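Observations on the three-dimensional arrangement
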Amino acid sequence: MDNPDNQTAYIRRLGEQIVALLLWAASLAVGFMCFVYIQDLTGYITASIVVGNMSDFQAARVVRLVQMVWVVISGMILLALAVGSFDYHSKKAFTSQSWRVFAWTFGIEAAIILLRVIIVPAPLS
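Residues numbered from 1 in each chain as written. Predicted model: local features only at pLDDT ≥ 70, side-chain atom pairs only at ≥ 80, totals over all residues. Heavy atoms only, no water.

The next subject is the overall build of the protein chain. Counting its secondary structure elements, the protein chain contains 3 helices and 0 strands. Reading the helices (α) and strands (β) of the protein chain from amino to carboxyl end gives α-α-α. Taking the principal axes of its C-alpha atoms as reference, the protein chain extends roughly 80 × 25 × 25 Å. Burial analysis of the protein chain (125 residues in total) assigns 23% to the buried set. Summarising the internal contacts of the protein chain: among those between residues at least 6 apart in sequence, 79% fall at separations of at least 24. One way to put it: in the protein chain the 8 positive side-chain charges average out to a point 7 Å from where the 7 negative ones average out. (Helix = DSSP H or I, 4+ residues; strand = E, 2+ residues; numbered from the N terminus. Buried < 20%, exposed > 50% of the residue type's maximum accessible area, 1.4 Å probe, protein only. Contact = heavy atoms within 4.5 Å. Lys, Arg positive; Asp, Glu negative; His and termini not counted. Charge placed at Lys NZ, Arg CZ, Asp CG, Glu CD.)

As structure tokens, then:
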């Protein structure tokens, strides 16, 4: 028969891994939202820069090209974040290093969201 202390430790570790999985999923969801916001930011900033120097058609093409490039780059970053953070947090759940990585991840994602809210104007209804 298993030792009750081993069962308690197993249940505790399982609970920690479930919480880490939920935090990872939340981080990935917010990361996907940032992925969309980065596309908005790059489109707005590029349009602000190039619209005065080109025709509308040319400016739209440049904006779309820049958005596509940034979508590929941010998509690769999001994929690396998803895979790397899952592996990291599954091994180091509930350690100070794991919490630090979560804090940095959510901090950077919050900065991207805040930047988008500040820079891109709300659409007029």
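Once that is clear, we can look at the confidence of the model for the protein chain. On average, the protein chain scores 85 in pLDDT, and the residues at 70 or more come to 97%. Ranking the helices and strands of the protein chain by mean pLDDT puts helix H3 (residues 96-119) first, with 89, and helix H1 (residues 4-50) last, with 86. (pLDDT = per-residue confidence, 0-100.)

According to the stated counting rule, one finds 4 aromatic pairs in the structure shown. Aromatic side chains Trp24 and Phe86 sit 5.1 Å apart centroid to centroid with 65° between the ring planes, which places their arrangement in the edge-to-face category. One end of the pair, Trp24, is in helix H1; the other, Phe86, is in helix H2 (residues 56-91), with 62 residues separating them in the sequence. By relative accessible area, which is 17% here, Trp24 ends up buried. Given the relative accessible area of 41%, Phe86 is considered partly exposed. (Phe/Tyr/Trp six-rings, centres within 6.5 Å; stacked < 30°, edge-to-face > 60°.)

Here we take up the environment of Tyr37. With respect to the element layout, Tyr37 can be found in helix H1. Other than its neighbours up to four places away in sequence, Tyr37 contacts Ile113 and Arg116.

Running from N to C, H1 and H2 cross one another at 165°; their axes reach a closest spacing of 9 Å. One way to sum up the angle between H1 and H2 is to call them roughly antiparallel. Considering the relative orientation of H1 and H2, their crossing is right-handed. Per-class residue counts for the contact of H1 with H2 are 19 nonpolar, 12 polar and 3 charged. (Axes fitted to C-alpha atoms, helices over the stretch in contact; angles between N-to-C directions. Parallel < 35°, antiparallel > 145°, perpendicular 65-115°, else oblique. Left-handed = near helix turned anticlockwise from the far one by under 90°. Nonpolar A, V, L, I, M, F, W, Y, C, P; charged D, E, K, R; others polar.)

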